[in-house]
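# Structure at a glance
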Amino acid sequence: MSSWEPTISRLLLALRLESVKAKIIVFALLATLIPSMSTAWISYGRNRQSLTEKTAEELQSVGSQTAREMDLWIRDQLHNLRVFASSYEVTENLDLLPAAGGADIVSTQASVRLSDYLSSVQQLFPDYDEILVIDHATAVVASSSDSAGAVSLPPNWLEELQADDAVDKAILGAPYWDQHTEHAVLTIAVPIGSPAGPFLGAMAARLKINSVDSILQSYSPGESGQAYLITPAGHVITSSRMSSAQLMNMKLPETAVRNLLAMEGTAIEYTDYLGTEVVGTLRRIPRLSWALVAEIPIEEAYAQVARLRNVTLVVVATLLLGVGVIAYVLALVIVRPLDRLTAGAREVAAGDLSVGLPVIGRGEVSYLTEVFNDMVTKLRTGREELDAANETLTEQNEALERLSVTDGLTGLFNRRQLMETLAKESQRTRRHKRPFTVLMLDVDHFKKCNDDYGHLIGDDVLKKLGSILKGMTRDVDFVARYGGEEFVVLLLEAGQDGGTEVAERIRDRIAAETFTSGKEEFNITVSIGVAECSGVDPSPDAVISRADRALYQAKRQGRNRVARADSRSGQRGKTSSS
């Protein structure tokens, strides 16, 4: 024998592949699985790469177009503001204000004309939330609103506008959320120069940033993607999804901002400000020093690949199932006669003598199968004779056991089994401090029922009552016939209040039941005593005794009612009636 054979044998044994059938099936599955999964993996990788490139191109296009639109938007706003600032109406009236030397008629009229002009401009251009004129002393001298708002611009902004090269200069403030107007605002300012040349002041405008939401929405990528603006520090300004004060308090993670800025224009994977795994790209907006981020959730970006993966898995699984079935059938054809004989011998060794193997064809295996069947037949004959005797004895023992714990008429547990169960539950209650409740029922005027309708009808009544009690209690509860027309119900894990409610339902149900004797119909009622066992009773008999006293209290008070036993024996309980 070659040296490698024992090693291979031990390996197959460890893998539970020692049988011929197992070897055939495993070989067929591996021969199918390896090339299938290899092909699927290569296809998956190529499709993911292709989809990644497609997503990157879409995001780059969205980012470039949106950033360009945003740059044109701010350029137009600055151009318009410069046009307004160079208006003769602005320079002439602003030049008159310091010349008037105070609040005289000339300066007042100039201020009014300037404010009217700003209001007319603001009405024509809805992107402006407010337009203000500020003199060289940083005082607001005119506004398009009745009350001028705050001017949110960087420190020393006025000095920058007064510089020699400030002809086309503009100052942009930081974006913020205006609580009064409830939208995002950006303050911009341009210089105002008189025809003579000196610096007269500045014109500032508060722009509604949410006016660009339509731009962001029109270029928003994918179905659930978004485009939004961020500051260089990563603070979100506005988004194609919404614009709110809460949004402006959010910030893109520093790692994501750093990677996006370092790889501007390139699609990368990161976690956005909502904690969602996304694929996105960034484009700077030069005039604003902001950046435009366009992103798509990874789940959506690679949804097509995920579907392809799922389809591939289904196809491979189906293929494996088909090949496995074919291999299994082939293995059965090859090794089934030997397997059948081996399995039969194993069953006989385990004590099963009902084995009968089919004899197929001729040859050594067929002859061995015939001998095996003959041996099993002789063993089975002896076993059947012994089993017949044992079965008779077992049936007798089971019948005796059932009779020992159940009532022969109602099929409920009998009194002896009730007392054993009570003893166990009492011990458990004392140990775990979890009470149970005992209901003792007695049929009212049952003797009269027997006298009027006969004992057979009385027996039917008791059987029906047993069935009703079983149907109205839980599987964990215990129902027994205590004796005669008395029944006991143990409600486990239930206190006296819960037990009283159950007792009332039982009483109502029995009172509503109609019994028949020939063509005559009649009703019966029951009286019920309720006693709770909370672990203080010295014995199960004490609980039964308290329930029994409560029962007879209900009978003394008129029957067809429920009476509760107090926790201390010897005291009267409460009663309730229909």
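The rules behind each value
- Residues numbered from 1 in each chain as written.
- Predicted model: local features only at pLDDT ≥ 70, side-chain atom pairs only at ≥ 80, totals over all residues.
- Heavy atoms only, no water.
- Salt bridge = Lys/Arg side-chain N within 4 Å of Asp/Glu carboxyl O.
- Helix = DSSP H or I, 4+ residues; strand = E, 2+ residues; numbered from the N terminus.
- Buried < 20%, exposed > 50% of the residue type's maximum accessible area, 1.4 Å probe, protein only.
- Pairing = 2+ DSSP bridges.
- Axes fitted to C-alpha atoms, helices over the stretch in contact; angles between N-to-C directions.
- Parallel < 35°, antiparallel > 145°, perpendicular 65-115°, else oblique.
- Contact = heavy atoms within 4.5 Å.
- Nonpolar A, V, L, I, M, F, W, Y, C, P; charged D, E, K, R; others polar.
- pLDDT = per-residue confidence, 0-100.

### So, the pattern of salt bridges
What the rule picks out here adds up to 21 salt bridges. Between Asp-407 and Arg-481 there is a salt bridge, with its nearest N and O atoms 3.3 Å apart. Within this pair, whereas Asp-407 is found in the loop between helix H11 (364–405) and helix H12 (415–432), its partner Arg-481 is found in strand E13 (residues 478–483), the two being separated by 74 residues in sequence. On the accessibility criterion, Asp-407 (15% relative accessible area) is buried. The exposure class of Arg-481 is buried, given its relative accessible area of 15%. Here the salt bridges share partners, and the residues they tie into one network are Asp-129, Glu-130, Asp-178 and Arg-206.

### Describing the sheet that holds strand E10 (residues 277–285)
If you trace the five strands from one edge of the open sheet to the other, you get E8-E7-E11-E10-E9, paired in antiparallel fashion. At either end of the open sheet lies a strand with only one pairing partner, and these are strand E8 (236–239) and strand E9 (268–271). Neighbour to neighbour, the strand axes of the sheet diverge by 40° on average, direction disregarded. Here strand E7 (residues 226–230) pairs with strand E11 (residues 290–297) via five bridges, running antiparallel.

### Structural notes on the packing of H12 against helix H16 (residues 540–556)
Angle between the axes and distance between the axes are the two parameters that describe a pair of packed helices. Two elements in contact, H12 and H16, have axes separated by 9 Å at closest approach and are oriented at 110°. With respect to H16, the axis of H12 lies roughly perpendicular. Of the residues in H16, those in contact with Met-419, Leu-422, Ala-423 and Ser-426 of H12 are Pro-540, Asp-541 and Ile-544. Classifying every residue of the contact of H12 with H16 by side-chain character gives five nonpolar, one polar and one charged.

### Some remarks on the packing of helix H13 (residues 446–453) against helix H14 (residues 455–471)
Where H13 meets H14, the axes come as close as 7 Å, and the angle between the chain directions of the two elements is 135°. As far as their axial angle goes, H14 and H13 are oblique. Contact residues: Phe-446, Cys-449, Asn-450 and Tyr-453 in H13; His-455, Ile-457, Gly-458, Val-461 and Leu-462 in H14. Considered class by class, the residues forming the contact of H13 with H14 number six nonpolar, three polar and no charged.

### A few points about the confidence of the model for the chain
Within the chain, residue pLDDT values average 81, and 86% of them lie at 70 or more. When pLDDT is averaged over each helix and strand of the chain, the minimum, 55, is found for strand E19 (residues 575–577) and the maximum, 94, for strand E18 (residues 561–564). Scored below 50 in pLDDT, residues 568–573 makes eleven contacts in the model with residues more than four places away or belonging to other chains.

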